[in-house]
Amino acid sequence: MTEMILQANNLHKQYDKVHAVQGISFDIQQGEIFSLLGPNGAGKTTTISMLSCLLSPTEGDALIDGHSVRTQANAVKQVIGVVPQEIALYPDLTARENLRFWGGMYNLSGARLKERVEETLEIAGLSDRANEKVETYSGGMKRRINIAVGLLHEPKVLFMDEPTVGIDPQSRRRILDTVLELNQRGLTVLYTTHYMEEAAELSRRIGIVDHGKLIALGTQDELTKLVGESDTVRIGISGVSDTQALLAALGALNGVHHAGLEEDELVLQATNANARLSQIIGAISAGGGQVKSIKVAEPNLEAVFLHLTGRALRD
Amino acid sequence: MKALQIAIKDTLTRFRDWKALAGMLAAPLIISALIGLAFGDLGGDEAPIENIPVVLVNLDEGELGQAYEEVLTSPDLSNLIALESMQDPEAAKARIEAGELRAVIVVPAGFSETVIPDAEGNRGQASVELYTDPAAEISPVIVRSIVERITAAINTTLLAGQVAGNQAAGYAPLLGPAMAQLGAAIQAELQSDSLNLEEPLLDLNVVSTGETGESVDPFAFFIPGMAVFFLMFSMFEGSRSILQEERHWTLQRLMTTPTPTWEIILGKMGGTFLTGLLQFTILMVSSTYLFGVDWGTSIIGLVVLVVLTVFAASGLGAMLTAFSRNENQAGVVGSAVSLVFGALGGSFFPTDGLTGIINIASKLTVNRWAMDGFLALTIQRQGLAGIQTPILVLASIGIVTFVLAILAFQKRFVK
C-alpha cells in the first residue's frame, strides 16, 4: 500500500472578514503529482502557505511526513521544498550565489552544498550561465532557478505554486518536463495551477478549488464523469441586442444543460453537441446575432469546473 | 549562523548597487568637500556659527575694560557673538552650567590701573578670565581666539606706548584707533597664526575643560557631520529592505526554510548594521587620505563611537520600518527623520549656539550624540573617557530600538 506523505484535514484560514480557505481536506500519496486546480483567488496559494508553515491555519491541521504543520513546523520545513508563484530570488546575485545562499538556509554547507548547487543548476539547464546575475535572465530562466532553489535540500515533497505563470510556451514546456522528470525520480509534487491542461497532463488526481472550498476531488476520469456526456460548445457571436433573452432561449433547447456568456463568446454545455449545432445557430440567428466561430470540445476539466460552478475556469 | 549569512548577503547586495554606493559614499565626500572648501576655516567670515551666547563681566572702570567691551560689541562681531553684560561673575558662570551660555569673559576690577604703567613706568600683572562651556566643541575655540586677539592688540598698544615713552594718560588716544579696527581684523585673524608676543603684558586665563585647538579644520567637522547624515539615510534604506523582501516574496521563502523568524530578522538588521559599519569606515579612511582629516588620538574611542553610532542609527531605522504600514511609508518617514535629525543634530552646523527647546530637541537625535562624540575626539582631542556620555546614550538608543524592532517585526511577519 502506498504511503501517504501529506494529509490535509479540514484546513481553514480566516482573515478579518475573508474566509480564504474553508475546510479543505485531501491526501497526497508518496511519489504522486497532485494538482490543485482553480481560478485566481480560489485559495490555492493560501492552502500552500499553510502547508509551508508560512501561515498558521485558523482551524484544522496537516501532517507532512508525519509532522504537524501546527506544532512541528521546523520538522515540516526540513522535508518540504517550496516554489512560490513569485520569482523569489535576489536579482543582484548570480544564479550560483543565489543557490549557495538558499542552500545555506536549508542547512547545507561545504562540499555537500557545492555538489547540490551544481546538480540543481544542471536540472535547471543553466550551468553555463550560473555566474550571471539573475536580473539578466529571461522570465523562463528565472522560473527555472526559482524551481532549483526548492530542490536544493532534496525535499520529500515539492510545493509548486503556479510555476508557469507569465512565461513563453517553450519555457513552460521545459518546466512541465522538469516536473515530470523529477517525479519519475521519486519526488512527490503538489502543483497548483489555473491551467486545466497542465493539471491534466501532470496529475493523476486533481482537486478543484473555488472560493476557498475543495469542490471536487478525484482522477480525471472520475471528474469528467461528473459532467456526463456533455460537450462544451464555444460560439463567437456579434450583433445580439438582448443577450439574456438569447441565453434563455439557448438554455431551453433540448439537450443543452447550461448556457453562459464570456466576453463575446457563448459557452454551452450540451449532450451530443455536434448534432444540435443547427438548432443552436438557429436560435442565435432568431435573436439577431451572427455566428463568427464555433468550437466543440469533449468533456474535460474545464467542463467540470463550468458544470460545478457555472463559471469558466479562466474567470 | 544563518543570521550572519543573511547579513553578509545583504551587505554584498548593497555594495553591488552603484546607486546605493553613490548615496552612501560619494555624496558625503563630495558634499563635505564642497562645503569645506566654500567655508574654509570655521572662524572665517562665512563661518556657519552665529550668535554664540557670551557674557562680558566688566568690573574694570578703566580704558582697557572699555576696550574689551567696545570690540566685543563692534558691528563686525555682532553676527558671530551675542553679547550680554553682567556684573556678577558667579551668576554668569552659573548660566554656563545651565547651558544658556558658551563663554563668560571676566575683566577684573582695577584691571586698567594694574596693567597700565604709572608715571614711573611701574605696572602690575592682571588676568582676563575666560570661562567656557565644556560641552561645546567649537564655540569656545572661537571665543578664545577673539579674546586672545583683543588681548594681543592691547599688549601691542601698550608696548608701543612704552616704546614711545608715553605716560598712562597717553594710552587712551592710542587704544581708540587700534580697537576701532580690531573687530574687523579679528575675523581675518581667526584664520591666521596667533600673535606670538614674547613679553605679553596681559594674561588670558582660560578656565574651561576640553578645547585646545587654535583653529578648527572644517573637514574635521563636516566629514563626521555628513558621514552621520548619510549614514542615517542608508540605515533607513537598509532597514526598508526587509519590506522589499516581503514584496518580492524572498522573505516568505526564507520563512519556509528551517530558519527561525527571529534569526531572519536579526540577519536583516545585522546586514544593515554591517553595511553602515563598512560605509563609515570607508568614509573615515578615504577622508583621511583625501582631506587630511585628523580623527583624533584615541583609536579605541573612535572604534567604539563608530560602532555605537551605526548601532543606534540602524536600530532606529529598523524600529521605524517595523512600525511603518508599508514600504512607501517607511521610505517617507526615513527620509524625513534623516533630514530633521541632520538639521537638529548638528550634521550641517555646530550645535554650540542651540539653546532652550531646540537644544533639547537636538539631544533627541542620534546625530547630536554622534557629533558630540566625534567633535570631542577630533577637535577637543579627547579619549574614550571624554565621550562617555555620547557612547552611553547611543548604546541605549541602539538597544531599545533593536529590541522594539525585533518584537514588532516578529509580530508583523508571524501570521
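Here, residues in each chain are numbered from 1, in the same order as that chain's written sequence. Here every chain gets a letter starting at A, and every ligand a number starting at 1, in the order they are written. Thresholds applied to this predicted model are a pLDDT of at least 70 for local features of residues and 80 or more for the giving and counting of side-chain atom pairs; totals over whole chains, interfaces and linings are not thresholded and use all residues. Side-chain metrics rest on all non-hydrogen atoms present in the structure, leaving aside hydrogens and water.

A.B. asks: Mind showing me how you'd approach the overall build of chain B here?
C.D. replies: Helix numbering and strand numbering both begin at the N terminus, where a helix is a DSSP run of H or I of at least 4 residues and a strand a DSSP run of E of at least 2. Summing up its helical and strand segments, chain B has 15 helices and 5 strands in all. Burial status across chain B gives 53% buried among its 415 residues. Put simply, 81% of the contacts in chain B that link residues at least 6 apart link residues at least 24 apart. Relative accessibility decides the category of a residue: with a 1.4 Å probe and only protein chains considered, values under 20% of the type maximum give buried, values over 50% give exposed, and everything between is partly exposed. What makes two residues a contact is simply this: any of their non-hydrogen atoms within 4.5 Å.

A.B. asks: It is not clear to me how the interface of chain B and chain A should be interpreted in this structure. Could you clarify?
C.D. replies: Taken together, the contacts link 20 residues of chain B with 31 residues of chain A. Summed over both partners, the interface of chain B with chain A comes to about 2400 Å²; 63% of that surface belongs to carbon and sulfur atoms. We define a salt bridge as a side-chain nitrogen of Lys or Arg found within 4 Å of a carboxyl oxygen belonging to Asp or Glu. The interface formed by chain B and chain A contains 1 salt bridge. A salt bridge links R16(B) to E97(A); its shortest N-O distance comes to 2.6 Å. Going through the elements one at a time, α1 (2–15), α8 (218–248) and α9 (250–255) of chain B are the ones with two or more residues in the side of chain B that touches chain A. In terms of residue count, the dominant contributor to the side of chain B that touches chain A is α1(B) (6 residues). Side-chain classes follow a simple rule in which Ala, Val, Leu, Ile, Met, Phe, Trp, Tyr, Cys and Pro form the nonpolar group, Asp, Glu, Lys and Arg form the charged group, and the remainder, Gly included, forms the polar group. When the residues that make up the side of chain B that touches chain A are grouped by side-chain class, the tally is 6 nonpolar, 8 polar and 6 charged. When two components associate, each loses some accessible surface as probed by a 1.4 Å sphere; the sum of these losses over both components is called the buried area.

A.B. asks: Which parts of the structure should I look at to understand the pattern of salt bridges?
C.D. replies: Pairs may arise between side chains of opposite charge once their charged atoms sit close together. Inspection of every chain in the model, using the stated rule, returns 28 salt bridges over all chains. With a shortest N-O distance of 3.3 Å, E262(A) and R234(A) are connected by a salt bridge. With E262(A) in strand β12 (residues 256–262) and R234(A) in strand β11 (residues 230–238), the pair connects residues that are 28 residues apart, well separated along the chain. The two residues E262(A) and R234(A) agree in class, both being buried. R247(B) is paired through a salt bridge with E327(B); the nearest N and O atoms lie 2.7 Å apart. With a gap of 80 residues between them, R247(B) in helix α8 and E327(B) in helix α12 (residues 327–345) connect regions that are remote in the sequence. One salt-bridge network, in which partners are shared between bridges, spans R112(A), E115(A), R116(A), E119(A) and E154(A).

A.B. asks: Explanation requested: the environment of F280(B) in the structure shown.
C.D. replies: Residues and elements named next belong to chain B. Counting through the fold element by element, F280 comes out in helix α10 (residues 261–291). Separated by 218 residues in sequence, F280 and G62 place their C-alpha atoms 54 Å apart. If we skip the residues at most four places from it in the chain, F280 touches A227, V228, L231, V306, V310 and F374.

A.B. asks: Where do I start with the packing of α10(B) against helix α11 (residues 299–322) of chain B in this structure?
C.D. replies: Helix-helix packing is characterised by the crossing angle of the two axes and by the distance between the axes. All names here are of chain B. Between α10 and α11, whose axes approach to 9 Å, the crossing angle comes to 140°. Relative to α11, the element α10 is oriented oblique. In terms of crossing hand, the pair formed by α10 and α11 is right-handed. Counting all contacts with α10, which are made through M269, T272, F273, G276, L277, F280 and M284, the residues of α11 involved are L302, V306, V307, V310, F311, S314 and A318. Residue classes in the contact of α10 with α11 are distributed as 11 nonpolar, 3 polar and no charged. Here the axes come from fitting lines to C-alpha atoms, over the contacting stretch only for helices, and the angles between their N-to-C directions go from 0 to 180 degrees. The labels follow the angle: roughly parallel below 35 degrees, roughly antiparallel above 145, roughly perpendicular from 65 to 115, and oblique for the rest. In this scheme the handedness of a crossing depends on how the near helix is turned from the far one: anticlockwise by less than a right angle means left-handed, clockwise means right-handed.

A.B. asks: Where do I start with the sheet that holds strand β14 (residues 290–297) of chain A in this structure?
C.D. replies: Through backbone hydrogen bonds, the strands of a sheet pair up, either in parallel or in antiparallel fashion. All names here are of chain A. One open sheet holds the 4 strands; their spatial order is β12-β13-β11-β14, and the pairing between them is antiparallel. The sheet is open, and its two borders are formed by β12 and β14, each paired with just one other strand. Shown here is a sheet whose adjacent strand axes are inclined to one another by a mean of 20°, direction ignored. Where β12 meets strand β13 (residues 265–271), 6 bridges bridge the pair, whose relative direction is antiparallel. Only strands joined by at least two bridges in the DSSP assignment are considered to pair.

A.B. asks: Help me understand α8(B), please; the structure alone is not making it clear to me.
C.D. replies: Quick reminder: α-helices carry 3.6 residues per turn. Residues three or four places apart thus point the same way. Residue and element names in this part refer to chain B. Take the residue count of a helix, subtract one, and multiply by 1.5 Å to get its expected span. The end-to-end C-alpha distance of α8 is 44 Å, a good match for the 45 Å that 31 residues give at a rise of 1.5 Å each. Buried residues dominate α8, accounting for 25 of its 31 residues. Of the residues one or two after α8, W249 is the one with positive phi, at around 70°.

A.B. asks: Mind showing me how you'd approach the packing of aromatic side chains here?
C.D. replies: By convention here, two paired aromatic rings are described through the distance between centres and the angle between planes. A pair of aromatic rings is counted whenever rings of Phe, Tyr or Trp (Trp by its six-membered ring) have centres within 6.5 Å, and the orientation is called stacked for planes under 30 degrees apart, edge-to-face for over 60 and tilted otherwise. All chains considered together, the criterion is met by 15 aromatic pairs over all chains. Judged by centre distance (5.4 Å) and plane angle (75°), the rings of F101(A) and W102(A) are edge-to-face. The same class applies to F101(A) as to W102(A), namely buried. Centre to centre, the rings of F409(B) and F413(B) are 5.6 Å apart; their planes meet at 5°, and the pair counts as stacked. Within this pair, F409(B) and its partner F413(B) are both found in helix α15 (residues 388–413), separated by 4 residues, close to a single helical turn.

A.B. asks: When you look at the nonpolar core in this model, what are you seeing that I'm missing?
C.D. replies: Side chains of a nonpolar character, in soluble globular proteins, are inclined to be buried together. Within the largest apolar cluster, 114 residues are counted, with the highest numbers of intra-cluster contacts made by W102(A), I105(B), F280(B), F374(B) and F409(B). Take this core: its biggest share by element is 13 residues, from α8(B). Listed in part, the 27 residues of the second largest apolar core include L6(A), L36(A), A62(A) and V82(A). In this description, a nonpolar core means a group of buried Ala, Val, Leu, Ile, Met, Phe, Trp, Tyr and Cys residues linked to one another through side-chain atoms lying within 4.5 Å.

A.B. asks: Sorry, what's going on with the domain arrangement of chain A here?
C.D. replies: How big an interface is tends to be reported as the loss of accessible area on association of its parts. Split by domain assignment, chain A resolves into domain 1 (4–224) and domain 2 (229–298). Domain borders in the structure are assigned automatically or taken from a domain database. Inter-centroid distance (C-alpha atoms) of domain 1 of chain A to domain 2 of chain A is 39 Å.

A.B. asks: Please clarify how the sheet that holds strand β4 (residues 59–64) of chain A should be interpreted in this entry.
C.D. replies: Residues and elements named next belong to chain A. Strand order across the open sheet formed by 4 strands is β2-β1-β4-β5, with antiparallel pairing between neighbours. The open sheet is flanked by β2 (19–29) and β5 (67–68), the only strands paired with a single partner. In this sheet, β2 lies alongside strand β1 (residues 4–14) in antiparallel orientation, the contact comprising 8 bridges. Residue pairing for β2: L11 is matched across the bridge by I24.

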